[in-house]
Amino acid sequence: MTANETTDQLSAPKGTIQHSLACRFCKAPLSYTFVDLGMSPLCESFLSAAQINQMEAFFPLHVQVCATCFLVQLPEYVAPSDIFTEYAYFSSYSDSWVAHAKRYAEMAQARFGLTRSSLVVELASNDGYLLQHFVHAHIPVLGIEPAANVAAAAVEKNIPTLVRFFGVDSARDLVSQGKRADVLIGNNVLAQVPDINDFVGGMKILLAPHGVITVEFPHLMRLIEGNQFDTIYHEHFSYFSFLTTQRIFAAHGLHVFDVEELSTHGGSLRVYARHVEDTSQPESPRVAALSTREESAGYTRLETYRSFDERVKETKRRILDFLIAAKRQGKSIVGYGAPGKGNTLLNYCGIRCDFLDYTVDRNPYKHGKFLPGTHIPVFAPTRSRRRARISSSSYPGT
Ligand SMILES: [Zn+2]
């Protein structure tokens, strides 16, 4: 059954959207598979004990690649309003991510000369894990966060936060209130917006004339090279190469003038952009260097993308070989961490309590709950210290 038939023939649950057949950036028709991971539930929809006896919604995880602009993308099977308005992910539960945010805030203050009259705006500001560092330095901030429950945690920390999805409309509203961003931050949000042109178009509007945009997102080249198919999930609509990112920004009058490669989330890029007409920021040689590396690695050729699917299938066979061998030796297997993205791997490979007894996570929101689809129970980390034998591979970055 194709994705189209799924939505046409079954009565679609609330929030289901018709499978889009056009590239979300350049609108060319989509007809090539990048990887098909079958059917999966939403990776952050952890279940209560009562819910595991109920019906559960599964959606296709069929990722495609645009043959024109090479944007790797998942059609919008589920509306963002169903995914992001009540969200289980609080950034502050990850020590490594909070430390990463602190280093970023120190770098941005020094490099862009931020003062008490600057404005730092973060899109998808979560619980204020990043903006708090600017607040401590007395630099004015504004968070924009669609998930009301995590935004409330930011407001409690005295971080001004607007509960809203970001795009052209919200950017115009803010500009009409006299707000323009000197630094406009989007960390791990670009991949999560279904209408990329509305989002980047909004950034163009909200950016002050000499303002700087920085966005971080997982680098597609690292996903492919590292075979990180487990970082694909419904909330991630787009997977970017550096070349495609520059193309998207350029289409909205924004010029990429620097890029850094980071180790976060299995290998990310931090891309710096400014208005095309603003020449106050010099262009780093890193822009040309990474563009050339991607070109020579084949990121402007369709075959590079289309060969990924078979590698993923072989990885599934090898993981199952390992788990079956361990069980045959009488071992018990438990997980460490219950990040949303772990659920792609577990559902794609069909790993349930037949292989994995349970997993643990530091986020108390998840304790006593069950993983979506596989129904593996989640406990507090103290449990695994007593009886762990083999730990499943941990997932970076969350
Ligand atoms: Zn395209």
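Asker: What is the right way to look at the overall build of the chain in this model?
Answerer: Summing up its helical and strand segments, the chain has 14 helices and 15 strands in all. Taken across its 398 residues, the chain has 56% of its residues classed as buried. Long-range contacts, defined as pairs at least 24 residues apart, comprise 70% of the intrachain contacts of the chain with a sequence gap of at least 6. As presented, the chain carries roughly 16800 Å² of accessible surface, and 54% of it is formed by carbon and sulfur atoms.

Asker: Explanation requested: empty space enclosed by the protein in the structure shown.
Answerer: Space left empty within the atom packing is revealed by a probe, the size of a water molecule, rolled over the atoms. In this structure the tally under the stated criterion is one cavity of 30 Å³ or more. In this structure, the largest cavity encloses a volume near 40 Å³. Forming the boundary of the largest cavity are Ala191, Pro218, Leu220, Leu223, His236, Ser238, Tyr239 and Phe240.

Asker: Looking at this model, I keep getting lost on unusual backbone geometry. Mind explaining?
Answerer: Generally, phi is negative for residues other than glycine and the peptide bonds are trans, each holding for most cases. Positive phi outside glycine occurs at asparagine 126, with the angle close to 50°. Its location among the elements puts asparagine 126 in the loop between β4 (120-123) and α4 (131-136). By relative accessible area, asparagine 126 is classed as buried at 7%. For asparagine 158, which is not glycine, the phi torsion reads 65° and is therefore positive. Tracing the sequence through the fold places asparagine 158 in the loop between α5 (148-156) and β6 (161-162).

Asker: I would appreciate a short explanation of the side chain of histidine 252 in the present structure.
Answerer: Secondary-structure assignment places histidine 252 in the loop between α9 (242-251) and β10 (254-262). When sequence neighbours within four positions are dropped, the list of residues in contact with histidine 252 reads Asn197, Val200, Gly201 and Lys204.

Asker: Teacher, can you tell me more about the coordination of the zinc ion here?
Answerer: Geometry reference: four tetrahedral donors at a metal, ideal angle 109.5 degrees. Six octahedral donors, ideal angles 90 or 180 degrees. In this structure, Cys23 (SG), Cys26 (SG), Cys66 (SG) and Cys69 (SG) serve as the protein donors to the zinc ion, at separations of 2.3 Å. Taken together, the four donor atoms surrounding the zinc ion define angles of 101 to 119° at the centre, an arrangement classified as tetrahedral. Within one chain, the residues serving as donors to the zinc ion are arranged as C-x2-C-x39-C-x2-C.

Asker: In this structure, what is going on with the pattern of salt bridges? I would like to understand it.
Answerer: Between side chains of opposite charge, a pair can form when the charged atoms approach closely. Within this structure, the stated rule accounts for twelve salt bridges. Glutamate 216 is the salt-bridge partner of arginine 270, the closest N and O atoms lying 2.9 Å from each other. In this pair, arginine 270 is assigned in strand β11 (residues 268-275) and glutamate 216 in strand β8 (residues 207-218), connecting sequence segments 54 residues apart. Between glutamate 261 and arginine 293 there is a salt bridge, and its shortest N-O distance comes to 2.8 Å. Here glutamate 261 is found in strand β10, whereas its partner arginine 293 is found in helix α10 (residues 285-296), with 32 residues between them in sequence.

Asker: What is the right way to look at the nonpolar core in this model?
Answerer: Here is a general trend for soluble globular proteins: nonpolar side chains tend to be buried in one another's company. Residues Phe34 and Ile232 are the most contacted members of the largest nonpolar core, which totals 83 residues. Sequence-distant contacts of phenylalanine 34, that is, excluding residues within four places in its chain, are made with Val63, Gln64, Val65, Val72, Leu220, Leu223, Ile224, Ile232, Tyr305, Phe308 and Asp309. Within the second largest apolar cluster, 21 residues are counted, among which are Ala105, Leu114, Val120 and Ile185.

Asker: Sorry, what's going on with the sheet that holds β4 here?
Answerer: Hydrogen bonds between backbone atoms are what pair the strands of a sheet, whose relative direction is either parallel or antiparallel. Across the sheet, seven strands lie side by side as β6-β5-β4-β7-β8-β11-β10; this open sheet has mixed pairing. Edge positions in the sheet fall to β6 and β10, since each of these pairs with one other strand and no more. Bridging between strand β5 (residues 141-144) and β6 involves two bridges; their strand directions are parallel. Across the sheet, the residue bridging to glycine 143 is threonine 161, located in β6. Each of β7 (181-187), β8, β10 and β11 is contacted by helix α3 (residues 95-112), which is oriented at about 30° to β11, the strand it contacts most.

Asker: What exactly am I supposed to notice about the sheet that holds strand β1 (residues 32-40) here?
Answerer: If you walk across this open sheet you meet the four strands as β1-β2-β3-β9, and the pairing is antiparallel. Among the strands making up the open sheet, the edge pair consists of β1 and β9 (238-239). In the sheet, strand β2 (residues 59-65) pairs with strand β3 (residues 72-73) via two bridges, with the strands oriented antiparallel. For glutamine 64, the partnering residue across the bridge sits in β3 and is glutamine 73.

Asker: Hey, could you run me through the packing of aromatic side chains in this one?
Answerer: Any aromatic ring pair is given by two values, namely how distant the centres are and how the planes are angled relative to each other. Evaluated as defined, the whole model comprises nine aromatic pairs. Look at phenylalanine 34 and phenylalanine 308: their rings are 4.7 Å apart centre to centre, the planes differ by 15°, and that puts the pair in the stacked class. With a gap of 274 residues between them, phenylalanine 34 in strand β1 and phenylalanine 308 in helix α12 (residues 308-328) connect regions that are remote in the sequence. The two residues phenylalanine 34 and phenylalanine 308 agree in class, both being buried. What links up through ring pairs into an aromatic cluster is the set Phe70, Tyr299 and Tyr305. The cationic tip of arginine 111 hangs over the ring face of tyrosine 272; the distance from NZ or CZ to the ring centre is 4.5 Å. The lysine or arginine in question, lysine 369, covers the ring of tyrosine 365, its NZ or CZ lying 4.3 Å from the ring centre.

Asker: I tried to follow the packing of helix α6 (residues 168-176) against helix α7 (residues 196-206) on my own but got confused; where do I start?
Answerer: Between two packed helices, what matters for the description is the angle formed by their axes and the separation of those axes. Two elements in contact, α6 and α7, have axes whose closest approach is 7 Å; the angle formed by their N-to-C orientations is 15°. Comparing their axes, α7 and α6 come out roughly parallel. Relative to α7, α6 is oriented so that their crossing is right-handed. From α6, Val168, Ala171, Arg172, Leu174 and Val175 reach across to α7, where they touch Asp198, Gly201, Gly202, Ile205 and Leu206. Counted by class, the contact of α6 with α7 contains six nonpolar, two polar and two charged residues.

How each quantity is defined
- Within any chain, residue numbers begin from 1 and follow the written order of that chain's sequence.
- Reporting of local features is limited, given that this is a predicted model, to residues whose pLDDT is at least 70; pairs of side-chain atoms are given and counted only at 80 or more, and all residues count toward the totals for whole chains, interfaces and linings.
- To get the side-chain values, take all heavy atoms of the structure and skip hydrogens and water.
- Secondary structure is summarised from DSSP: a helix means a run of H or I of at least four residues, a strand means a run of E of at least two, and numbering begins at the N terminus for each.
- Three exposure classes are used, based on accessible area relative to the maximum for each residue type with a 1.4 Å probe and protein chains only: buried under 20%, partly exposed in between, and exposed over 50%.
- Whether two residues are in contact is decided by their heavy atoms: any pair within 4.5 Å suffices.
- Residue burial considers only the protein chains on display, and all accessible areas are found by Shrake-Rupley using a 1.4 Å probe.
- Cavity means a closed set of points on a 1 Å grid over the protein atoms alone, one where a 1.4 Å probe fits but cannot get out, pocket means an open set with protein on both sides within 12 Å along at least 5 of 7 lines, and lining means a residue has an atom within 4 Å of a point.
- Grid points are joined across faces, edges and corners, and a volume is the space filled by probe spheres set on the points.
- Coordinating donors are taken to be N, O and S atoms lying within 2.8 Å of the metal, or within 3.2 Å when the metal is Na, K or Ca; because water is excluded from the atom set, some sites may appear incomplete.
- Between 85 and 135 degrees for all angles marks four donors as tetrahedral; over 155 degrees for opposite donors together with 65 to 115 for all other angles marks four donors as square planar and six as octahedral; every other arrangement is irregular.
- Any Lys or Arg side-chain nitrogen found within 4 Å of a carboxyl oxygen on Asp or Glu counts as a salt bridge.
- The definition of a nonpolar core used throughout is a set of buried Ala, Val, Leu, Ile, Met, Phe, Trp, Tyr and Cys residues joined through side-chain atoms within 4.5 Å.
- Strand pairing is assigned whenever DSSP detects at least two bridges linking the two strands.
- Helix axes are fitted to C-alpha atoms over the stretch in contact, other axes to C-alpha atoms as well, and angles between N-to-C directions run from 0 to 180 degrees.
- Two rings from Phe, Tyr or Trp (for Trp, the six-membered ring) form a pair when their centres sit within 6.5 Å of each other. Planes less than 30 degrees apart are called stacked, planes more than 60 degrees apart edge-to-face, and all others tilted.
- The rule is short: NZ of Lys or CZ of Arg within 6 Å of the ring centre and within 35 degrees of the ring normal puts a charge over the ring.
- Any angle from 65 to 115 degrees is called roughly perpendicular, while one under 35 is roughly parallel, one over 145 is roughly antiparallel, and all others are oblique.
- In this scheme, a crossing is called left-handed if the near helix is turned counterclockwise away from the far one by less than a right angle; it is called right-handed if the turn is clockwise.
- Throughout, the ten residues Ala, Val, Leu, Ile, Met, Phe, Trp, Tyr, Cys and Pro are labelled nonpolar, Asp, Glu, Lys and Arg are labelled charged, and all others, Gly among them, are labelled polar.

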